[in-house]
Amino acid sequence: MPKRKKDIETKNNNPLADNVHIKGAGSVQDEIITDTLKSNYMPYAMSVILSRAIPEIDGLKPSHRKLLYTMYTMGLLQGGTIKSANIVGRTMQLNPHGDAAIYDTMVRLSRGNEALLYPFVESKGNFGKAYSKNMMYAASRYTEAKLAPICHELFDDIKSDTVDFVDNYDNTMKEPTLLPVTFPSILCNVTTGIAVGMASSIASFNLKEICDTTTALMKNPDHIVSDTLIAPDFVGGGYVIYDKDELDKIYNTGRGSVKVRAKYTYDKKYNCIDITQIPPTTTSEAVIDKVIELVKANKIKEISDIRDETDLSGLKITIDLKRGINPDTFMAKLYKMTPLQDSFSCNFNVLIKGRPMVLGVKSILLEWIDFRLECIRRRINFNLDKKRKQLHLLKGLSKILLDIDKAIKIVRETESEAEVVPNLMIGFGIDETQAEYVAEIKLRHLNREYILKRIKDIEQLESDIAELEDILSSKNKMKKIIIKELDDVAKKYDTGRKSEVLYDVQEEDVSETVEISDYPVTLFLSEQGYLKKIKTANLRMSGEQKLKEGDKMLPEIECSNKNELLFFTNKRQVYKSKADDFSDTKASVLGDYVPSKLEMGEDEQVVYMAVLSEYSGYMIFLFENGKLAKVDISAYATKTNRKKLINAYSEKSPLVQAIYIKEDTDIVICSSSGRRLLVNTAGILPKTTKDTQGISAMKLKKTHKVTSLHLYKQGEFEKEWRFRAKNLPATGALLSENDIAEQITF
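Quantities reported herein were computed from a predicted structural model and do not represent experimental measurements. (Residues numbered from 1 in each chain as written. Predicted model: local features only at pLDDT ≥ 70, side-chain atom pairs only at ≥ 80, totals over all residues. Heavy atoms only, no water.)

What to know about the overall build of the chain
Here is step 1 of the chain: When you go through the chain residue by residue, the secondary structure sums to 18 helices and 33 strands.
Here is step 2 of the chain: The C-alpha atoms of the chain give a radius of gyration of 44 Å, which is well past the 27 Å a tight globule of 746 residues would have.
Here is step 3 of the chain: Dimensions of the chain, computed from the C-alpha atoms along their principal axes, are close to 160 × 90 × 50 Å.
Here is step 4 of the chain: Classification of the 746 residues of the chain by burial places 45% in the buried group. (Helix = DSSP H or I, 4+ residues; strand = E, 2+ residues; numbered from the N terminus. Rg over C-alpha atoms; globule rule 2.2 N^0.38 Å. Buried < 20%, exposed > 50% of the residue type's maximum accessible area, 1.4 Å probe, protein only.)

Some details on a nonpolar patch on the surface
Here is step 1 of the chain: Taken together, the side chains of Ile33, Leu37, Tyr41, Met42, Tyr44 and Met46 present a nonpolar region at the surface, about 600 Å² in accessible area.
Here is step 2 of the chain: Structurally, tyrosine 41 can be placed in helix α2 (residues 33-53).
Here is step 3 of the chain: Residue tyrosine 41 is classed as partly exposed on the basis of its relative accessible area of 40%. (Patch = residues over 30% accessible without salt bridge, like charges linked within 9 Å, V, L, I, M, F, W, Y side chains within 5 Å. Areas by Shrake-Rupley, 256 points an atom, 1.4 Å probe, with all protein chains shown as cover. Salt bridge = Lys/Arg side-chain N within 4 Å of Asp/Glu carboxyl O.)

Some words on the side chain of asparagine 113
Here is step 1 of the chain: For asparagine 113, the location among the structural elements is in the loop between α5 (99-109) and β2 (121-124).
Here is step 2 of the chain: Residue asparagine 113 is classed as buried on the basis of its relative accessible area, which comes to 8%.
Here is step 3 of the chain: Contacts of asparagine 113, omitting those with residues within four sequence positions, involve Val107, Arg108, Phe127, Gly128, Lys129 and Ala130. (Contact = heavy atoms within 4.5 Å.)

Thoughts on the packing of aromatic side chains
Here is step 1 of the chain: By the definition in use, this model includes 17 aromatic pairs.
Here is step 2 of the chain: Ring geometry for phenylalanine 205 against tyrosine 251: centres 6.3 Å apart, planes inclined by 50 degrees, an arrangement best described as tilted. With phenylalanine 205 in the loop between β7 (199-202) and α7 (207-219) and tyrosine 251 in helix α8 (residues 244-253), the pair connects residues that are 46 residues apart, well separated along the chain.
Here is step 3 of the chain: Judged by its relative accessible area of 3%, tyrosine 251 falls in the buried class. (Phe/Tyr/Trp six-rings, centres within 6.5 Å; stacked < 30°, edge-to-face > 60°.)

Here we look at the sheet that holds strand β22 (residues 574-578)
Here is step 1 of the chain: Pairing in this open sheet of four strands is antiparallel, and the strands run β24-β21-β22-β27 from one edge to the other. Single-partner strands in this sheet number two, and they are β24 (606-612) and β27 (644-645).
Here is step 2 of the chain: Direction of pairing for strand β21 (residues 564-569) relative to β22: antiparallel, over a ladder of five bridges. Following the sheet pairing, leucine 566 is matched in β22 by lysine 576. (Pairing = 2+ DSSP bridges.)

Considering the side chain of serine 200
Here is step 1 of the chain: One can find serine 200 in strand β7.
Here is step 2 of the chain: Overall, serine 200 belongs to the buried group, its relative accessible area being 3%.
Here is step 3 of the chain: A polar atom in the side chain of serine 200 sits 2.9 Å from the backbone oxygen of asparagine 349.
Here is step 4 of the chain: Setting aside anything within four residues of it in sequence, one finds serine 200 in contact with Ile54, Pro55, Thr191, Thr192, Gly193, Asn347 and Asn349. (Polar contact = N/O pair within 3.5 Å; in protein donor to acceptor, adjacent residues only side chain to side chain.)

Details of the nonpolar core
Here is step 1 of the chain: Core analysis: the largest hydrophobic core is formed by 98 residues, its most contacted members being Phe155, Leu187 and Phe348.
Here is step 2 of the chain: Among the elements that take part in this core, helix α11 (residues 361-401) stands out by supplying 15 residues, more than any other.
Here is step 3 of the chain: Grouped together as the second largest cluster of nonpolar side chains are 35 residues, Leu628, Ile669, Val679 and Ala730 included. (Core = buried A, V, L, I, M, F, W, Y, C linked by side-chain atoms within 4.5 Å.)

A few points about the sheet that holds strand β25 (residues 618-623)
Here is step 1 of the chain: Here four strands make up an open sheet; going across it, the order is β28-β25-β26-β31 and the pairing antiparallel. Either end of the sheet is taken by a strand with one partner, and the two such strands are β28 (655-661) and β31 (695-696).
Here is step 2 of the chain: Bridge analysis of strand β26 (residues 627-632) against β31 gives two bridges, and the strand direction is antiparallel. Opposite lysine 627, over in β31, you have serine 696 as the bridge partner.

As for the confidence of the model for the chain
Low-confidence regions, as indicated by low pLDDT, have predicted coordinates that should not be scrutinised in detail.
Here is step 1 of the chain: Chain-level pLDDT for the chain is 89 on average; 95% of the residues reach the 70-or-more range.
Here is step 2 of the chain: Averaged over each element, pLDDT in the chain is lowest for helix α1 (residues 5-13) (44) and highest for strand β3 (residues 144-147) (97).
Here is step 3 of the chain: A low-confidence stretch, residues 1-17 (pLDDT under 50), is modelled with six contacts involving residues beyond four sequence positions or located in other chains. (pLDDT = per-residue confidence, 0-100.)

Brief notes about the pairing of strand β11 (residues 272-277)
Here is step 1 of the chain: As paired strands, strand β10 (residues 263-267) and β11 are joined by five bridges and run antiparallel to one another. What sits directly across from aspartate 267, in β11, is cysteine 272.
Here is step 2 of the chain: Hairpin connection of β10 to β11: four residues between the antiparallel strands, including asparagine 271 at a positive phi of 50 degrees.
Here is step 3 of the chain: Note: β11 against strand β13 (residues 317-321), four bridges, orientation antiparallel. Following the sheet pairing, isoleucine 275 is matched in β13 by isoleucine 317.

Here's the deal with unusual backbone geometry
Here is step 1 of the chain: Leucine 728 connects to proline 729 through a cis peptide bond whose omega is 5 degrees.
Here is step 2 of the chain: Examined against the element boundaries, proline 729 turns out to sit in the loop between β32 (706-711) and β33 (733-734).
Here is step 3 of the chain: Even without glycine at this site, glutamate 599 takes up a positive phi of about 55 degrees.
Here is step 4 of the chain: Tracing the chain through its elements places glutamate 599 in the loop between α17 (594-597) and β24.
Here is step 5 of the chain: Exposure remark for glutamate 599: the relative accessible area of 69% places this residue in the exposed category.
Here is step 6 of the chain: A positive phi angle is found at asparagine 647, which is not glycine, with a value near 55 degrees.
Here is step 7 of the chain: The partly exposed category is assigned to asparagine 647, whose relative accessible area is 32%.

Structure (structure tokens):
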């Protein structure tokens, strides 16, 4: 199909067409990397540092300042709230970013979000919560906002030429470079930002403490900041752990960290802990997730449930404790292992006259004092110029008072309107400005009373001008104005400290061992290795014990939930555990399969379970060759939390039976020949070596072997002396007919 003429012409006119060659196209050219960084990267880095991430001396980043100034120009310092979407839309005239970024800024500045100690925006609706990442704020079309009363301290001086104004991004309107804040807001709210190659993280302090410290520094530049500034104060409350050396470091250098821990209460009725205040560096979800992680890792077993009960009344994380748990000891453990105690890292990086500087609290306050003095100077000059102009006009008016009729005559006899002002200037000896003012007086004001009232203002104006000039010439008098303003701000907006300060806090050496609930339980172990732990109080309600086909239940053991368990296996290993490691269950389940629970090796099976309340007593091992080993149970105790010990007993002969005894007692050894030997363990010397071969206890013929071992029951033998040997090894004795009958009854 032939191409249309238009298509052919387009190709011929296209410089990128196939038949056109571009010089250098497709070639790789070398560039000096420093030149590329200067031309491409440095402008971006400077923009982020100076116009985005680092706060200035008024405590605001550009995005905050643009939003607040827009709300001020909308008249939101008075009256009711309006839709947030309206505010966001208007702010885009100053802030050339998307509406989402602007609304995010408004949310953080709002009272409802609880991110700032002294919020600048009053909010209505759902603004989310800073302490919860899941509690998201509503869309801007649903919420409303206006400026908080404290914003009077940001804007009341702005019309008095206290700060410079510049064009906005499209040169259609003006915006302030800084706001003339009447208090050091830079240190009253938490501010964080990440720039290029640097960052800023400023802690918040109590308003009254900051105002008092600033006042003290103006009176005495050598004032010690820590005398009036106790410690940082965070909107979320909690406890600030006082560390004088670290705080002095922050006050002097602007770098350091502050430890903050959560605040909690214990409800004895429900045996639960309610956490109501957390550090500013974490969220309720992060705390809960960390606790759950520790529970799964078996590092925390003191709790039965954790849940988020946050509602309209505020943050609340509830932890249900098991019985017998000390809440204070448990919380000390949580402080160490979770974000419930965290450090707020301080990096007081502030833009001072366009330069990023890391300053201590004292240096920042001194810089703010200089900034505020300049604002006061400009305000006084503005008011002074205004009063001087007014005085100049009134002095011209006073000359009219000498002859009002003459002024009227001049105006009436002047043929041209343009000649009125020059004729008044000539007739009364006044300048053009004064003449314009006189000429604009309404006819109704051409009376003696009006003019006399205006002239009386001359004396007041002259007095005011003299006073302003006097203040302007004295730095101390300007400082007194700042001090008075600081006192007024502290009285109006101070709400007291939210974070309590803890002095002389000793860091407890809390080990990661679990505080275990103490209550009676009954353990059921089957031959195939299934273990059930049932509360003794619930046994009466339990039915028949469930078992796998072909399995058999070993004798039950009553003990405490705090007891330690030693599982001896057929691989000559012992696995250490606690009764609490196994969950409470009931008779109708199989229970925990011990080899899987304790991660035993392949084909490894439990041959004996020892239940210990303390490491005292002995392990008795009986081997097929007739040897008997008595090992002090302390040989299995370890200073570390090792869960597995090798060489738990001797390998020289197959193990027949293992048994734990708390104290020396009589035991009965049985052989395949039917003989029984009664031995008192007190006659056997205990060993501390776990894999000792022991002593020869029972003499055996080559075709016979030892088959079992059990504790002697009083009356088990008719003639006990027949089975008790004076010396070991011994052959033992065969059962008599009466003994056999007695064995059946047992």
